[in-house]
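Okay, here's what each chain looks like letter by letter:
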Amino acid sequence: MGLRPELIDELRVVRASGELDLVTVPAFAQELKEARHGTGRLFLVVDLLDVTFMDGSVLDPLSAAWEECRGRLGWLRVVHSRPGSLVFRAAGLVGRFPRYASVRDAREGVLADGASERRAT
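Notes on the structure follow. These figures come from a predicted structure and were not determined experimentally.

Scanning the entire structure with this criterion turns up two aromatic pairs. Lying over the aromatic face of W66, R96 brings its terminal NZ or CZ to 3.6 Å of the ring centre.

Tracing the chain through its elements places R41 in the loop between α1 (25-35) and β3 (43-54). Separated by 30 residues in sequence, R41 and L11 place their C-alpha atoms 9.9 Å apart. A polar side-chain atom of R41 sits 2.8 Å from the main-chain carbonyl oxygen of L73.

Turning our eyes to something else, we now look at the pattern of salt bridges. For the structure on display, the rule yields six salt bridges. R15 is the partner of D47 in a salt bridge, and the nearest nitrogen-oxygen pair spans 3.2 Å. In this pair, D47 sits in strand β3 while R15 sits in strand β2 (residues 11-20), placing the two residues 32 residues apart along the sequence. Each member of the pair D47 and R15 is classed as buried.

Further remarks concern the nonpolar core. Within the largest apolar cluster, 25 residues are counted, with the highest numbers of intra-cluster contacts made by L20, F28, L44, V46, L48, L62 and L76. Counting residues per element, the ones that place at least two in this core are β2, α1, β3, α2 (59-71), β4 (75-79) and α3 (82-90). L11, F43, V79 and Y100 belong to the second largest nonpolar core, which has 10 residues in total.

What follows deals with α2. Along its 13 residues, α2 runs 18 Å from first to last C-alpha, staying within 8% of the 18 Å computed at 1.5 Å per residue. What α2 keeps buried is the set L59, P61, L62, S63, A65, W66 and C69. Within two residues after α2, L73 carries a phi angle of roughly 60°, on the positive side.

All right, on to the side chain of T24 then. Topologically, T24 is positioned in the loop between β2 and α1. In terms of polar contacts, T24 uses its side chain to reach the backbone carbonyl oxygen of E19, at 2.7 Å. Reaching out from T24, the side chain makes a polar contact with the backbone nitrogen of D21 at a distance of 2.9 Å.

Cut-offs and rules
- Per chain, the residues get numbers from 1 upward, laid out in the order the sequence is written.
- Selection of residues for local features in this predicted model requires a pLDDT of at least 70, selection of side-chain atom pairs for listing and counting requires 80 or more, and totals for whole chains, interfaces and linings are taken over all residues.
- The basis for every side-chain value is the complete set of heavy atoms in the structure, and neither hydrogens nor water enter the calculation.
- A pair of aromatic rings is counted whenever rings of Phe, Tyr or Trp (Trp by its six-membered ring) have centres within 6.5 Å, and the orientation is called stacked for planes under 30 degrees apart, edge-to-face for over 60 and tilted otherwise.
- Whether a charge sits over a ring comes down to the Lys NZ or Arg CZ being within 6 Å of the ring centre and within 35 degrees of the ring normal.
- A run of H or I in DSSP becomes a helix once it reaches four residues, and a run of E becomes a strand once it reaches two; helices and strands are each numbered from the N terminus.
- Counting of polar contacts relies on pairs of N or O atoms within 3.5 Å, with two restrictions inside protein: one atom must be capable of donating a hydrogen and the other of accepting it, and residues adjacent in sequence are counted only when both atoms are side-chain atoms.
- A pair is scored as a salt bridge if a Lys or Arg side-chain nitrogen falls within 4 Å of a carboxyl oxygen belonging to Asp or Glu.
- Each residue is assigned to one of three classes by its accessible area relative to the maximum for its type, calculated with a 1.4 Å probe on protein chains only: buried under 20%, partly exposed between the two thresholds, exposed over 50%.
- Definition used in this section: a nonpolar core is a set of buried Ala, Val, Leu, Ile, Met, Phe, Trp, Tyr and Cys residues joined via side-chain atoms within 4.5 Å.
- In this scheme, a helix's expected span is set at 1.5 Å multiplied by one less than its residue total.

See below:
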């Protein structure tokens with residue numbers, strides 16, 4: 001698994017690759033935590049396009065990051081492929097983690113289906 005946090009303008013990006021499962025998610029969770037350091041508004045994109053396998057163990061760290069971003073008057077958006085959507089659909093979290101096709105689309109709030117960002121609850 002490769003993780004690479006980046007800062008693009010005022011946007012923080014965490015990229016993961018390989019498998020995200022019970023063994024690798026602790027490192028992923030730590031990257032998400034490190035990306036949320038500091039204070040003020042927080043805008044975070046999690047890029048999962050290079051993830052080859054993902055199970056439900058990613059949901060807790062992603063949800064924690066999502067809640068913190070919202071609490072800091074920002075947002076968290078996830079870039080993932082259709083197969084990655086299965087985990088979010090199974091957990092009933094498609095509204096929280098809609099699909100973005102690229103980091104650029106996520107930054108601009110353009111969903112993969114071409115619609116504009118909808119407020120998730």
